[in-house]
Amino acid sequence: MSRIEHPSHAAANVRLRQIGKPLVRTDSPTKVYGTATYAGDLVMPDMLHAAVLHSDRASALLNRVDVSRAKELAGVHSVLTGENLPAEQGVMTDMPGQTGGMTKNTKQPILAKDQVRFFGQPIALVAAETVAVAEQAIRLIEVEYEDVEGIYDPFESLRPGAPIVYGEDNVVARYKIRKGDLEKGFAEADVIVENTFTTQYQEQAFLEPEAALAWVDEHDILNIRSSTQVVEHYRAVADAIGLPHNRVRLRAEFVGGGFGGKEVMTIEVWLALLALDTRRPVRLVQSRERSFVSHGPRHPFTMTHRSGVTKDGRITALEISLTSDAGAYAKLSPYILLYATVGATGPYKVDNLHVDSVSAATNNLPTCAFRGFGTMQANLACEGQIEEIAKVLGMDAMDLRRRNFIQTGDPNVTGQIIRSAVWSDQCATEALQALGERPPGKGPVRIGRGVACYQQSYGRIRWMKDSSEAWVGVEMDGTVIVRSAVTDIGAGQSSALAQITAEVLGVPMDQVVVYFGDGAITPLAGTSTASRALYMSGNATKMAATQVRENLLGRAAQHFGVAPDELDMCDSQVFVLDNPERSMSLKDLVMSCAAAGIHRHNLAIFRAPVSEGLDPETGQGEVFPDFTYGAHAAEVAVDTETGEVRVLQSIGAHDVGQAINLRAVEGQIEGSALMGQGFALSEELILDKGCLTNASLSEYLIPTSEDVPEIKAIVLESRSGLGPFGAKGIGEPVFAPVAASIANAVADAIGIRIFDLPITPEKVIKALREKEAAG
């Protein structure tokens, strides 16, 4: 259950008829009634079923892979190993869909050959008549491993003499930021506070595991329908298997959750190989256990903050070190580390600053994109450190925050001037006030409260030169079509385009149909990642719809004998503003335009602001288009006898710029609260020398409805964002402060901080005993 609140001071000061309203999303009915099609639902005549053999070792030589018994099994049509692929086989796992800049050459083998570098690395593929036969064939494949020394600690990995997993020194990426005079800043400080925070692996645990269907059609085009966040993967598939880009068509179905786990290539290239080998349709739906090793979990981070502060709470110096575990392949680790580096100081202004960050390769699971993309780990440390500084100073933590909040017009950590609204204080104040009166503890149960603020980017890194296209057209009966290759990953991406178009063209939202997620026949829109879909595709759609509106109103102006800006559109009618009785239907106007040969459609492209990268010595430069600001507050009850932590209140307050659909915003805040609670208290992938030991939802503990309180969403609208109508991206930002707010609440309840997530009952009891022993 959740509640949504729209403070009166955030009410719209512009006339919007449909934007910002909690309208029924276009994708809601089909999902509510169970008729929505997901990739795992797809079937075709003569379809085969795929299965994958994953390594059960983290570091070993493959001395022998014998597939002879699997091939002889009745019903098996294809068995592929690394021996069947070209020597240079591999698939690019760099940032997908880039339109500018150079990739970091993060090629990863499609199938392991000679050696496996991580637990779960794919070794062989099978296509068979049934799932059961395919699974039986997998069990018949004989693999002879020879274990070799691996490296499983990122700090050990960086030492001289460590086994090499990546490059020459296991360094996947490294950044540094230098601002001001650090020594001078520490000299000005009255106190210096130093702490180290660590975070764990987190699994995306999306409802729908990886699923796709591939086939070669009558035109010799390789088709893939997949649960993916990126239809531009068709290029990576084509490059990996040696086909021209225009002979691979990738379509995205409704996605049952992605959270970054379906951002990089997962199963599409495997199915492409099997479909080409068998010339029959092949479908794969990964089991939950195999899904755990088919994408990449969240990076574990170790983060040390050394802060110099005056007695009145001014931060004079800050020295930060960040180390992440990239696992066996780079994937998106360089970019995630960059996000963490830029986000290391949170929403605070620091003039004297050193940040040093490094991502190290190990033989652990390759880590990759996950909602928050490094910023949320960095935010956990930043907000924990703020609370610890306040404790040392004997100062209210919110007063400390207010003393140091970055403001509009200030430079951030990389020297980028923040131009949109910074409502950190307003959001935190709203969230804390919503907690109400603090309840008393009872017996061994203690009550604690915490708040966390954040700064999170939306939109892609500027030097990727991002763009998005959209097509909008009006049919002869006055109904409207939007075409965009944006993928709909459950947040209402396609519905938002319908709502934007309906607002601009003055038609009811149910008169708009959106065709989305087709890499061949809808205009390419880029990825549904980086909280960019609304920002990029929303702007492109608004631009296209606006041009169509101008074309239509130009014709209507001739008809009414007025200027175009004296007209308006609403309820599929066009009318004169100061005399609404002078009107005509949109249908009649469209027919008039058609007869006159006036365009009733438009293809638009939106280009994000660009820059050329950071200064390598100082880390100064413009990295992202813009940032979102907000806060989350939590109230917890901690049982000091059992260590159990229960979240009693969970309240997110965020400046979303402009809500396009208020209910969709609420959904993002609600989902982030639940996911952040899991990260704070229970979720952790446990590895033993690189091998995953809890690859099931019975052992990997995500919160259930029994664990989550009513979630309250407070929506503020500064209308200062770069998205359509002033919207800011919120998909990832609203997630950033949740875990930190809960960690702060637990520290408030028991009087001692647990620096290592997740905060399990065992850690709570251990911390209390240590506190008691220390007196």
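Every value quoted in this text rests on a predicted model; they were computed, and no experiment measured them. (Residues numbered from 1 in each chain as written. Predicted model: local features only at pLDDT ≥ 70, side-chain atom pairs only at ≥ 80, totals over all residues. Heavy atoms only, no water.)

## Considering the overall build of the protein
For the protein, the count of helices and strands is 18 helices and 31 strands. The C-alpha radius of gyration of the protein comes to 27 Å, within 12% of the 28 Å expected for a compact globule of 775 residues. Along the first, second and third principal axes, the C-alpha set of the protein runs to 85 × 75 × 50 Å. Taken over 775 residues, the protein has a buried fraction of 62%. Long-range pairs, those at least 24 residues apart, make up 81% of the contacts in the protein between residues at least 6 apart in sequence. (Helix = DSSP H or I, 4+ residues; strand = E, 2+ residues; numbered from the N terminus. Rg over C-alpha atoms; globule rule 2.2 N^0.38 Å. Buried < 20%, exposed > 50% of the residue type's maximum accessible area, 1.4 Å probe, protein only. Contact = heavy atoms within 4.5 Å.)

## Points about the state of the cysteines
Note on terminology: disulfide describes a covalent bond linking the sulfur atoms of two cysteines. Scanning the entire structure with this criterion turns up zero disulfides. Cysteine 427 forms no disulfide, and the closest cysteine sulfur to it belongs to cysteine 453, at a distance of 8.1 Å. Cysteine 570 takes part in no disulfide bond, and the closest cysteine sulfur, belonging to cysteine 593, lies 19 Å away. (Disulfide = S-S within 2.5 Å.)

## Quick word on the pairing of strand β18 (residues 353-361)
Counting buried positions along β18 gives seven out of nine residues, so the element sits mostly inside the fold. In this sheet, β18 lies alongside strand β10 (residues 171-179) in antiparallel orientation, the contact comprising eight bridges. Bridged to arginine 174 within β18 is valine 358. Across nine bridges, the pairing between strand β17 (residues 315-327) and β18 is parallel. Directly across from leucine 318, in β18, lies its bridge partner leucine 353. (Pairing = 2+ DSSP bridges.)

## Things to note about the environment of glutamine 385
Along the chain, glutamine 385 falls in helix α10 (residues 375-393). Of the residues examined, glutamine 385 reaches a relative accessible area of 2% and is grouped as buried. Each C-alpha atom, one on glutamine 385 and one on arginine 306, is 8.9 Å from the other, the two residues being 79 residues apart in sequence. The residues contacting glutamine 385, other than those within four sequence positions of it, are Val193, Glu194, Asn195, Phe197, His305 and Ser307.

## Quick word on helix α12 (residues 424-434)
Along α12, the residues classified as buried are Ser424, Cys427, Ala428, Glu430, Ala431 and Ala434. Taken down its axis, α12 places every buried residue within 160° of arc, on the same side. Close packing links the buried residues of α12 with α11 (397-404), β19 (445-458), β27 (626-639), β28 (645-655) and β31 (711-716). Positioned one or two residues after α12, glycine 436 has a phi angle of 75°, which is positive. (Arc of directions from axis to C-beta.)

## A few points about the packing of α10 against helix α17 (residues 738-750)
Interhelical geometry of α10 versus α17 gives an angle of 30° and a closest axis separation of 8 Å. Taken together, the axis directions place α10 and α17 in an arrangement best described as roughly parallel. In this structure, α10 meets α17 at a crossing whose hand is right-handed. Between α10 and α17, the residues in contact are Met376, Asn379, Leu380, Glu383, Gly384 and Glu387 and Ala739, Ala740, Ala743 and Asn744, respectively. (Axes fitted to C-alpha atoms, helices over the stretch in contact; angles between N-to-C directions. Parallel < 35°, antiparallel > 145°, perpendicular 65-115°, else oblique. Left-handed = near helix turned anticlockwise from the far one by under 90°.)

## Quick look at unusual backbone geometry
Geometrically, the link from leucine 757 to proline 758 is a cis peptide bond, its omega value of -5° lying close to zero. Within the secondary structure layout, proline 758 lies in the loop between α17 and α18 (761-774). Located in the positive-phi region is asparagine 170, a residue other than glycine, with phi close to 70°. Secondary-structure assignment places asparagine 170 in the loop between α4 (154-157) and β10. Accessibility expressed as a relative area gives 0% for asparagine 170, which makes it buried. Within the chain, aspartate 220 stands out as a residue other than glycine whose phi angle is a positive 65°.

## Side note on helix α6 (residues 233-241)
In terms of burial, α6 is largely enclosed, as seven of its nine residues are buried. Restricting attention to buried positions, one finds in α6 the residues His233, Tyr234, Ala236, Val237, Ala238, Ala240 and Ile241. Looking at the packing, one finds that the buried side of α6 touches β5 (91-92), β13 (222-226), β14 (248-252) and α7 (268-278).

## Examining the nonpolar core
In this structure, Leu322, Leu332, Phe373 and Ile461 are the most contacted members of the largest nonpolar core, which totals 64 residues. Excluding residues that lie within four positions of it along the chain, isoleucine 461 makes contacts with Met95, Tyr335, Leu338, Tyr339, Val623 and Phe624. Core analysis: the second largest hydrophobic core is formed by 35 residues, Ala502, Val504, Ala556 and Ala557 among them. (Core = buried A, V, L, I, M, F, W, Y, C linked by side-chain atoms within 4.5 Å.)

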